[in-house]
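# Structure assessment
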Amino acid sequence: MSDPRLGSRLKEVRTTAGLTQAELAERAGVSRKTINTVENGVFIPSTILALGLARALGTTVEGLFWLKD
């Protein structure tokens, strides 16, 4: 379920890294649909998924996600 308090830079960081959704999904061990739903704010990633995405992109969880005021 989406939460308007969660901000995401996932798509921006992914595209800057030159990765498709499918390539990031493979690196993170999830489906492309999972990446799509996180990027579109439909799905809030679990802690494990957020850590995996950050690792796959060579950044921190805080570099990808934040809470909006």
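All of the points below concern the structure found in this document. All values reported here derive from a predicted model rather than from experimental measurement. (Residues numbered from 1 in each chain as written. Predicted model: local features only at pLDDT ≥ 70, side-chain atom pairs only at ≥ 80, totals over all residues. Heavy atoms only, no water.)

## Things to note about the packing of helix H2 (residues 21-28) against helix H3 (residues 32-39)
The condition that has to hold: Axis definition: a line fitted to C-alpha atoms, limited for helices to the stretch in contact. Angles are taken between N-to-C directions and run from 0 to 180 degrees. Numbering of helices and strands runs from the N terminus; a helix is a DSSP stretch of H or I covering at least four residues, while a strand is a stretch of E covering at least two. Roughly parallel refers to an angle under 35 degrees, roughly antiparallel to one over 145, roughly perpendicular to one between 65 and 115, and oblique to any angle outside these ranges. We call two residues contacting when some pair of their heavy atoms lies within 4.5 Å. In this classification, the charged set is Asp, Glu, Lys and Arg, the nonpolar set is Ala, Val, Leu, Ile, Met, Phe, Trp, Tyr, Cys and Pro, and all remaining amino acids, among them Gly, are polar.
Contact pair H2 / H3: the axes reach a minimum separation of 8 Å and the direction vectors enclose 110°. In terms of orientation, H2 lies roughly perpendicular with respect to H3. Of the residues in H3, those in contact with Gln21, Ala22, Leu24 and Ala25 of H2 are Arg32, Ile35, Asn36 and Glu39. In terms of residue class, the contact of H2 with H3 is made up of four nonpolar, two polar and two charged.

## Digging into the nonpolar core
In plain terms, the rule: Nonpolar cores were defined as sets of buried Ala, Val, Leu, Ile, Met, Phe, Trp, Tyr and Cys residues, with membership established by side-chain atoms within 4.5 Å. Type-normalised accessible area, obtained with a 1.4 Å probe on protein chains alone, sets the label of each residue: buried when under 20%, exposed when over 50%, and partly exposed for intermediate values.
Among the nonpolar cores identified, the biggest contains 15 residues, and Leu10, Leu24, Leu53, Leu57, Leu64 and Phe65 are the most heavily contacted of them. Elements with a contribution of two residues or more to this core: helix H1 (10-16), H2, H3 and helix H4 (47-57). Not counting chain neighbours up to four residues away, the residues in contact with Leu53 comprise Leu10, Leu24, Ala28, Ile35, Leu64 and Phe65.

## Section: the side chain of Glu39
Our working definition: Each polar contact in these results corresponds to two N or O atoms within 3.5 Å; when the atoms are within protein, one needs to be able to donate a hydrogen and the other to accept it, and residues that are neighboring in sequence are counted only if both atoms are side-chain atoms.
Along the chain, Glu39 falls in helix H3. Relative accessible area serves as the criterion here: at 15%, Glu39 is assigned to the buried category. A distance of 2.5 Å separates the side chain of Glu39 from the side chain of Arg14, its partner in a polar contact. When near neighbours in sequence (up to four residues on either side) are disregarded, Glu39 contacts Leu10, Lys11, Arg14 and Gln21.

## What to know about the side chain of Arg14
Along the chain, Arg14 turns up in helix H1. Residues within four places of Arg14 in sequence aside, it is in contact with Leu19, Thr20, Gln21, Leu24, Ile35, Glu39 and Leu57.

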